[in-house]
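# A structural walkthrough
Now for the letters of each chain:
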Amino acid sequence: MSDNMHVDVGVTINGEARSATVEARTLLVHYIRDHLGLTGTHWGCDTSNCGVCVVSVDGQPMKSCTVLAAMVDGSEITTVEGLAGEEGLSPIQQGFMECHGLQCGFCTPGMMIAADALLDRNPNPSEEEIRDGLSGQLCRCTGYDNIVKAVNWAAAKRQEATEGASS
Ligand code: FES
Ligand code: FES
């Protein structure tokens, strides 16, 4: 049902086709959390500073508090709930677990989506490149050293998997 105030928004999210009719002013973060019920994506500052709301939209990390849901109609979205596959936790999730990359966990969903996108762009980043790549993500617990270690761990794990697949 679309009218002047409402829009139908359909996306493929974590591999599943979902849709909802929402107010035209609905932000993507609220569409995901309140209308699709995927609350793994967090909502923090609402001013595009903290990065906890980052999701992947058509392969690009995006702060979902900066985008209207209507603007991503028809897109493919991945949230933290979609990181794990049939084989279990993804390398970035394992890295955060192995290296204690989280404390309270509030920043973790956005941090992991942003880190995964960083590794897609740059599979073997230096420490400086990791810190630069995650500069849009704030961790209020200031656990940055272990987050960098976690991303390094995931980079090595991804590399291992790529080498295993090609040998
Ligand atoms: S809630 Fe989106 S950047 Fe902070
Ligand atoms: S682990 Fe608490 S905000 Fe990052």
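Going by the structure above, here's the rest.
These figures come from a predicted structure and were not determined experimentally.

So, on to the side chain of His30. Position of His30 among the secondary structure elements: in helix H1 (residues 28–35). Those residues in contact with His30 that sit more than four places away from it in its chain are His35 and Trp43.

Turning next to the nonpolar core. Counting residues in hydrophobic clusters, the biggest one holds 25 residues, and the most contacted among them are Ile92, Phe96, Met111, Leu134, Ile147 and Val151. Counting residues per element, this core draws most heavily on helix H3 (residues 108–121), which supplies seven residues. Here this core spans two domains, since at least three of its residues come from each of domain 1 (6–81) and domain 2 (91–166). Look past the residues within four positions of Leu134 in its chain and what remains in contact with it is Met111, Ala114, Ala115, Ile147 and Val151. Counting 16 residues, the second largest nonpolar core, distinct from the first, contains Val9, Ile13, Leu28 and Ile77.

Among all positions of H1, only Leu28, Val29, His30, Tyr31 and Ile32 are buried. Buried positions along H1 lie against strand E1 (6–13), strand E2 (16–23), strand E3 (54–57) and strand E5 (76–78). Once H1 finishes, Gly37 follows within two positions and takes phi at roughly 75°, a positive value.

Reading the values: rules and limits
- Residues numbered from 1 in each chain as written.
- Chains lettered and ligands numbered in written order.
- Predicted model: local features only at pLDDT ≥ 70, side-chain atom pairs only at ≥ 80, totals over all residues.
- Heavy atoms only, no water.
- Helix = DSSP H or I, 4+ residues; strand = E, 2+ residues; numbered from the N terminus.
- Contact = heavy atoms within 4.5 Å.
- Core = buried A, V, L, I, M, F, W, Y, C linked by side-chain atoms within 4.5 Å.
- Buried < 20%, exposed > 50% of the residue type's maximum accessible area, 1.4 Å probe, protein only.
- Domains from an automatic or database assignment.

These figures come from the coordinates and say nothing about function on their own.
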